[in-house]
Amino acid sequence: MQEAVLSGHFLSIGECMVELSQADDGHLRKGFAGDTFNTAWYARACLPEDWSVDYFTALGDDAMSDEMATFMGSAGIGTASIRRLRGKTPGLYMINLKDGERSFSYWRDSSAARQLAADGDALRAAIEASDVLYFSGITLAILPREDAYTLLAELRRAKAVGKLVAFDPNLRPRLWSSLDAMHTLIADGARASTLVMPSFDDEAAHFGDDSISSTIRRYRQYGANMVVVKNGPEGATIGSGADETLVPAVKVNKVVDTTSAGDSFNGGFLAHYLQHGDPLAAAAFAAEIAAKVIQEHGALVSPKKLKIA
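By the naming in an unreviewed UniProt entry, the chain goes by Putative 2-dehydro-3-deoxygluconokinase and is assigned to Rhizobium freirei PRF 81. The record held by UniProt for the chain lists under Sequence similarities (unreviewed entry) the comment "Belongs to the carbohydrate kinase PfkB family."

So this is what it looks like as structure tokens:
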């Protein structure tokens, strides 16, 4: 159990991109999204106003970067720490949907976010000003190796002084130079974290885990205090101490879009856990949030549609 915190500063670190998704009329709709930004969006929706939620990334100096930063601010997500780089632009991706399942096409090789950790002083200042840190395997994958280790060093410092550092491995082999590189950096990311939030299908496919218990055991061995393994419609399993507890998913009549299923679960879980300190109740709350999100199009569902009690 974590002691409940009445207020604080939540910082999510990663890449937000221009998103093209399918609208109900068959046209493409422009938005802004990315795994760690999506989690920040849902954390902001679920946390009280006493909590601040900020995003740390790098953007360019173009009109699309300006529009993205304005969008973040309008959602109540702080942008003061975002670095702006001359001549750079954000990345772009398109969601392809079939029967509610998604695949992606990306244009991100030269995105500004790849330099988010290049200024170590700015990174340290943002992390030191925060109480809770969140990052993902995608955050690590897009960075040059030296910058990835700069980020991990700062996160280890945060963990050492008692800050909550949450990590979703979010395994995407195509973003890595090799599977060995992915395995190494993901393990290092877990070592820098207090809470790891993997998806079992990814872990089984890319680490060879034969059970959820194997996933929990591996991440606990890396040094995580708690592991929350998401397993789609089967629910989420909380591994803490010697205990493993399954929290069922919420059933839905029709799945429309699973793009942000895991990200919304993570944001809902962290928001509830930070307020109440109970991981099982947090997982049940997060399952309700994710169930609402997958019945809508796009990565970011309006907080009004979430109907948070």
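There's plenty left to go through after this.
## Points about the packing of helix 3 (residues 120-128) against helix 5 (residues 145-160)
Interaxial distance between helix 3 and helix 5 falls to 10 Å at its minimum, and their mutual angle equals 25 degrees. The angle between helix 3 and helix 5 falls in the class roughly parallel. The chirality of how helix 3 crosses helix 5 is right-handed. Packed against helix 3, whose contacting residues are Gly120, Leu123, Arg124, Ile127 and Glu128, the element helix 5 presents Thr150, Leu151, Glu154, Leu155, Arg157 and Ala158 at the interface. Residue composition of the contact of helix 3 with helix 5, by class: five nonpolar, two polar and four charged.

## Some points on the side chain of Ser111
Residue placement: Ser111 occurs in the loop between strand 9 (101-107) and helix 3. Ser111 sits in the buried class, given a relative accessible area of 4%. Not counting residues up to four positions away in its chain, the partners in contact with Ser111 are Glu15, Thr89, Pro90 and Gly91.

What counts and how
Residues numbered from 1 in each chain as written. Predicted model: local features only at pLDDT ≥ 70, side-chain atom pairs only at ≥ 80, totals over all residues. Heavy atoms only, no water. UniProt positions renumbered as here; feature names shortened; annotations may be inferred. Axes fitted to C-alpha atoms, helices over the stretch in contact; angles between N-to-C directions. Helix = DSSP H or I, 4+ residues; strand = E, 2+ residues; numbered from the N terminus. Parallel < 35°, antiparallel > 145°, perpendicular 65-115°, else oblique. Left-handed = near helix turned anticlockwise from the far one by under 90°. Contact = heavy atoms within 4.5 Å. Nonpolar A, V, L, I, M, F, W, Y, C, P; charged D, E, K, R; others polar. Buried < 20%, exposed > 50% of the residue type's maximum accessible area, 1.4 Å probe, protein only.

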